[in-house]
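Listed here are the chains, written in short residue letters.
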Amino acid sequence: MVNYEPDVSQLLALYQQLEDDIIADMVRRILKMGFVSESTAYQAEVLQTAGLLYDDILQLLANRTDASVAQVRALFEDAGVQTVELDNETHEAAGEAPVDIRQDSGMKQVLEAGYRKTLGTMRNLVNTTANATQTAFIQTCDRAYMQMSSGAFSYQEAIRSAVRQLADGGAYVYYPTGHRDRIDVAVRRCVLTGVGQTSAAVAKQQAEDAGCKYMELTAHGGARPEHAKWQGQLVVIQGERTKAYIDGLKVFTLREIGYGDGSGFKGWNCRHNWHPYYPGLSTPNYTPEQIKQLDARTIAYNGEKYTEYEVSQMQRAGERKVRALKRRTLAAQEAVKNAPDDATRSMLESDYTAHAAKLKDAEKQLKDFCKQTGRRNDTFRTQVHGFGRSEAQKAVQAEKKHLTEWRSSAIIGKTVDAVGNQIYVVNRIVVVKGPPNGITQKVNDKGGVDRNYYDSDGCQTKQISNNSHGHKKESKFGKHGEHKHMYIKNEKGIPIHGEAEELNDSERKENQDIL
């Protein structure tokens, strides 16, 4: 069944750019703050700076108003035209004349009402950003001021923490309920829900005008349980339900599918659609077996099988991670450019280097994930305004700088474990400044093999050994004394070697090649 899906990428780009500009503005302003020790003077300075920031955000929003309005209108007009054209074929086969929505006053009214409602909701949400950002900025400044004035943090440490907090905070919108979302997430949900509801209303209006009594519901993998029971089935939109089943499809009422309810059909984040169905003429688009297969685990990744929905969610998580790291990298870069002294600049450059290394690693993981699962690596979803080719090259160079010393003196080869994870064969083991999110392998003094696992900061988190090292205490583990040690960071952030533990099933599977 052909299904129309609106492309909101250009609209989201406007608001992702807005968020990036807001973060950069906050970073620049916090680095220009004097953080004077006298409390009253500090309060006056932070309130004045926050006021200027508020004015900046209002201007940033105003600069995007015309473009965002035009994009939303274009999305609605395209959705209306596409919806009618998709359904025209079915109605024509039933003897009904094709419809041009641009010439149908009733459908045009439905489309216009949906557009105005969505635009109003979006504007109300976006307009909360200025207040939310101003509040977040003041809270970040207050936190940095308290850290410095108490003596718990140096100026450089407090600024480093503040830059990271501003990058992670970004720009949020607040709903009347108090719930908050990132601005691009809120805009996407608002517009997709509005377009979806309006296109469904247009399709329903067209079907009613044609005298069509039933609509067939689309189906997709990962549908929430209350939607899964009616997807791929029929719904009666006119008159009473007189049959429980038609052509093997169960017939539901509008109330039963939650039409008009936020949690039902075409409610929040609902991806289902519907199309006209004429009994005796139309044929079902899905068999019961096809619907069951929508949630079958058929996609392989790192030796495991996943459903289409699970894979899509895993990809979205990877994309969010990349975009978050790009924000951190750009925030650190902006901070370096505006650092007031060499000591602060040096610390911020160190942060930039670390973020860049994590970013490139996250991008590699996402690229590998898409390659294994056959999905398209949608770089648009991970883009950050201002992070172009030159910034990417700087990130690559920063990553190389972060690892040069370790690599040149440690790596003697490469291998893979039993499930295909890349492993560096090394001549020495480090607990810090190792390969971020990587694994190393070294032959130990007793002739066995030690594998060492690192987090995104290059700090060791675990060691797996395939023998007991000749130690009586560790010989009781496994068949040959194979065991693991977890590493926990102390108060100085240094990973400390823990007690020996038994390997779990997953660890045994990954390291079967050395056990």
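Residues numbered from 1 in each chain as written. Predicted model: local features only at pLDDT ≥ 70, side-chain atom pairs only at ≥ 80, totals over all residues. Heavy atoms only, no water.

S.K.: Is there a simple way to explain helix 3 (residues 105-126) in this structure?
M.R.: Owing to its 3.6 residues per turn, the α-helix brings residues three or four apart onto one side. Here helix 3 contains 22 residues, and its C-alpha end-to-end distance of 31 Å stays within 8% of the 32 Å for a straight helix at 1.5 Å per residue. Here the buried face of helix 3 lies against helix 1 (9-32), helix 2 (39-93), helix 4 (129-150), strand 1 (172-174) and helix 6 (183-209). Here helix 3 starts with a cap whose side-chain oxygen sits 3.1 Å from the backbone nitrogen of glycine 106, and that cap is aspartate 104. (Helix = DSSP H or I, 4+ residues; strand = E, 2+ residues; numbered from the N terminus. Expected span 1.5 Å × (residues − 1). Contact = heavy atoms within 4.5 Å. Polar contact = N/O pair within 3.5 Å; in protein donor to acceptor, adjacent residues only side chain to side chain.)

S.K.: Please explain the packing of helix 1 against helix 5 (residues 155-169) as it appears in this structure.
M.R.: When two helices pack together, their arrangement is given by the angle between the helix axes and by the axis-to-axis distance. Remark: helix 1 packs on helix 5, axes separated minimally by 9 Å, with the N-to-C direction vectors making an angle of 165 degrees. Between helix 1 and helix 5, the angle falls in the class roughly antiparallel. Considering how the two elements wind past one another, helix 1 and helix 5 form a crossing that is right-handed. Across the interface between the two elements, Ile23, Met26, Val27, Ile30 and Leu31 from helix 1 touch Tyr155, Ile159, Ala162, Val163, Leu166 and Ala167 from helix 5. Here the residues of the contact of helix 1 with helix 5 sort into eleven nonpolar, no polar and no charged. (Axes fitted to C-alpha atoms, helices over the stretch in contact; angles between N-to-C directions. Parallel < 35°, antiparallel > 145°, perpendicular 65-115°, else oblique. Left-handed = near helix turned anticlockwise from the far one by under 90°. Nonpolar A, V, L, I, M, F, W, Y, C, P; charged D, E, K, R; others polar.)

S.K.: How do you make sense of the pairing of strand 14 (residues 460-465) when you look at a structure like this?
M.R.: Residues in a regular strand point their side chains to alternate faces of the sheet. Burial analysis of strand 14 places five of its six residues in the buried class, which makes it a mostly covered element. Relative to strand 14, strand 13 (residues 449-454) runs antiparallel, the two sharing five bridges. By the bridge assignment for strand 14, tyrosine 454 is matched with glutamine 460. Hairpin geometry of strand 13 and strand 14 is characterised by an intervening segment of five residues between the two adjacent antiparallel strands and by a positive phi of about 80 degrees at glycine 458. (Buried < 20%, exposed > 50% of the residue type's maximum accessible area, 1.4 Å probe, protein only. Pairing = 2+ DSSP bridges.)

S.K.: Got a minute to help me understand empty space enclosed by the protein in this structure?
M.R.: Once rolled over the atoms, a probe with the size of a water molecule shows which space is left empty. The full count for this structure, using the stated rule, is one cavity of 30 Å³ or more. As for the largest cavity, its lining consists of Arg160, Val163, Arg164, Arg328, Asp351 and His355. When contributions to the lining of the largest cavity are tallied by element, the ones reaching two or more residues are helix 5 and helix 10 (342-373). Top element by residues in the lining of the largest cavity is helix 5. It accounts for three residues. Split by residue class, the lining of the largest cavity holds one nonpolar, one polar and four charged. (1 Å grid on protein atoms, 1.4 Å probe; cavity = no way out; pocket = protein on both sides within 12 Å on 5 of 7 lines; lining within 4 Å. Points joined across faces, edges and corners; volume = space filled by probe spheres on them.)

S.K.: I tried to follow the sheet that holds strand 15 (residues 483-489) on my own but got confused; where do I start?
M.R.: Sheets are built from strands that pair by backbone hydrogen bonding, the pairs being arranged parallel or antiparallel. Within the open sheet, the seven strands sit side by side as 10-11-12-13-14-15-16. Their pairing is mixed. One side of each edge strand has no neighbouring strand; the edge strands of this open sheet are strand 10 (411-416) and strand 16 (495-501). Within the sheet, the average angular offset between the axes of one strand and its neighbour, ignoring direction, is 25 degrees.

S.K.: Looking at this structure, how should I read the nonpolar core?
M.R.: Across soluble globular proteins, nonpolar side chains show a tendency to be buried alongside one another. In this structure, Tyr15, Phe35, Met122, Val187 and Val191 are the most contacted members of the largest nonpolar core, which totals 62 residues. Of all the secondary structure elements, the ones that give two or more residues to this core are helix 1, helix 2, helix 3, helix 4, helix 5, helix 6 and helix 9 (308-337). The biggest single contributor to this core is helix 2, with 13 residues. Ignoring sequence-local partners within four residues, the contact set of methionine 122 consists of Tyr15, Ser68, Val72, Val187, Cys190 and Val191. Formed by 15 residues, the second largest nonpolar core is a distinct cluster that contains Cys212, Val235, Trp274 and Tyr278. (Core = buried A, V, L, I, M, F, W, Y, C linked by side-chain atoms within 4.5 Å.)

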